[in-house]
Amino acid sequence: MSMLRNAMLIAAVCATAAVAADAPADAGHCSFTLKNQWSGPYKACVAPADADQCTELGKADENSDATWSAGACQTASVVGSCKRSKDTLYYYEGDASGLELGCGFQSGEWNTGS
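Residues numbered from 1 in each chain as written. Predicted model: local features only at pLDDT ≥ 70, side-chain atom pairs only at ≥ 80, totals over all residues. Heavy atoms only, no water.

Draft legend 1. Spotlight on the overall build of the protein. When you go through the protein residue by residue, the secondary structure sums to three helices and six strands. N-terminal to C-terminal, the α/β element order of the protein is α-β-β-α-β-β-β-α-β. Residue pairs in contact within the protein that sit at least 24 positions apart in sequence constitute 62% of those at least 6 positions apart. For the protein, the exposed area adds up to about 5800 Å²; of that, 53% sits on carbon and sulfur atoms. (Helix = DSSP H or I, 4+ residues; strand = E, 2+ residues; numbered from the N terminus. Contact = heavy atoms within 4.5 Å. Areas by Shrake-Rupley, 256 points an atom, 1.4 Å probe, with all protein chains shown as cover.)

Draft legend 2. Structural detail: the pattern of salt bridges. Under the counting rule described, the total for this entry stands at two salt bridges. Between Lys35 and Glu62 there is a salt bridge, with the nearest N and O atoms lying 3.0 Å from each other. Placement of Lys35 in the loop between strand E1 (28-34) and strand E2 (42-49) and of Glu62 in the loop between helix H2 (51-59) and strand E3 (64-69) is noted, with a sequence separation of 27 residues between them. Across the pair Asp87 and Arg84 runs a salt bridge, and its minimum N-O distance is 2.6 Å. The same class applies to Asp87 and to Arg84, which are both buried. (Salt bridge = Lys/Arg side-chain N within 4 Å of Asp/Glu carboxyl O. Buried < 20%, exposed > 50% of the residue type's maximum accessible area, 1.4 Å probe, protein only.)

Draft legend 3. Broad picture of the confidence of the model for the protein. On average, residues of the protein score 83 in pLDDT, and 75% of them reach the 70 mark or higher. Counting interchain partners and residues more than four positions distant, the pLDDT-below-50 stretch residues 3-12 has 18 contacts. This model gives residues 17-21 a pLDDT under 50, and the stretch forms 11 contacts once residues within four places in sequence are excluded. (pLDDT = per-residue confidence, 0-100.)

Draft legend 4. Broad picture of H2. All buried positions along H2 are accounted for by Gln53, Cys54, Leu57 and Gly58. Down the axis of H2, the sector holding all buried residues measures 140°, keeping them to one side. Relative to its buried face, H2 has exposed residues pointing more than 90 degrees away, namely Asp52 and Lys59. The residue sitting at the N-terminus of H2 and contributing the capping side-chain oxygen is Asp50; that oxygen lies 3.1 Å from the backbone nitrogen of Asp52. Looking at the residues trailing H2, positive phi occurs at Asp61, about 45°. (Arc of directions from axis to C-beta. Polar contact = N/O pair within 3.5 Å; in protein donor to acceptor, adjacent residues only side chain to side chain.)

Draft legend 5. The arrangement of the nonpolar core in detail. Cys30, Phe32, Val46, Leu89, Tyr91, Leu99 and Trp110 are the most contacted members of the largest nonpolar core, which totals 16 residues. Residue assignment for this core shows that the elements contributing at least two residues are E1, E2, H2, strand E5 (88-91) and helix H3 (96-105). Considering each element in turn, this core owes the most residues, four residues, to E2. Ranked by size, the runner-up nonpolar core spans five residues in total, among them Cys45, Cys73, Val78 and Tyr90. (Core = buried A, V, L, I, M, F, W, Y, C linked by side-chain atoms within 4.5 Å.)

Draft legend 6. Fine view of the pairing of E1. For E1, a buried count of six out of seven residues is recorded, marking the element as mostly surrounded by other parts of the structure. Pairing of E1 with E2 involves six bridges; the strand directions are antiparallel. The residue of E2 that forms the bridge with Phe32 is Ala44. (Pairing = 2+ DSSP bridges.)

Quick look at the structure:
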């Protein structure tokens, strides 16, 4: 069951990657609640992201509460972060080992904690 949960978590994270992939380097960040039918809800943040990408991210799967702001994501109290080729996804909730597995499937570099 844990492998199925992890696989579904990977699918949720990939959806966020598709939304944030084309953000300009000087864009702000998008704080949101990441959720789909298999995982979450998790408080998360992706950067860089522009306001339009944040709106789309808030509509993906069962995500909610998407709020765009200038600057970087908060790094205090993170469970971990996944640095991907064009952005970084910060998790403020969730199981670090499952999130790390999902990050690996995105060719990301996982960092536990802040």
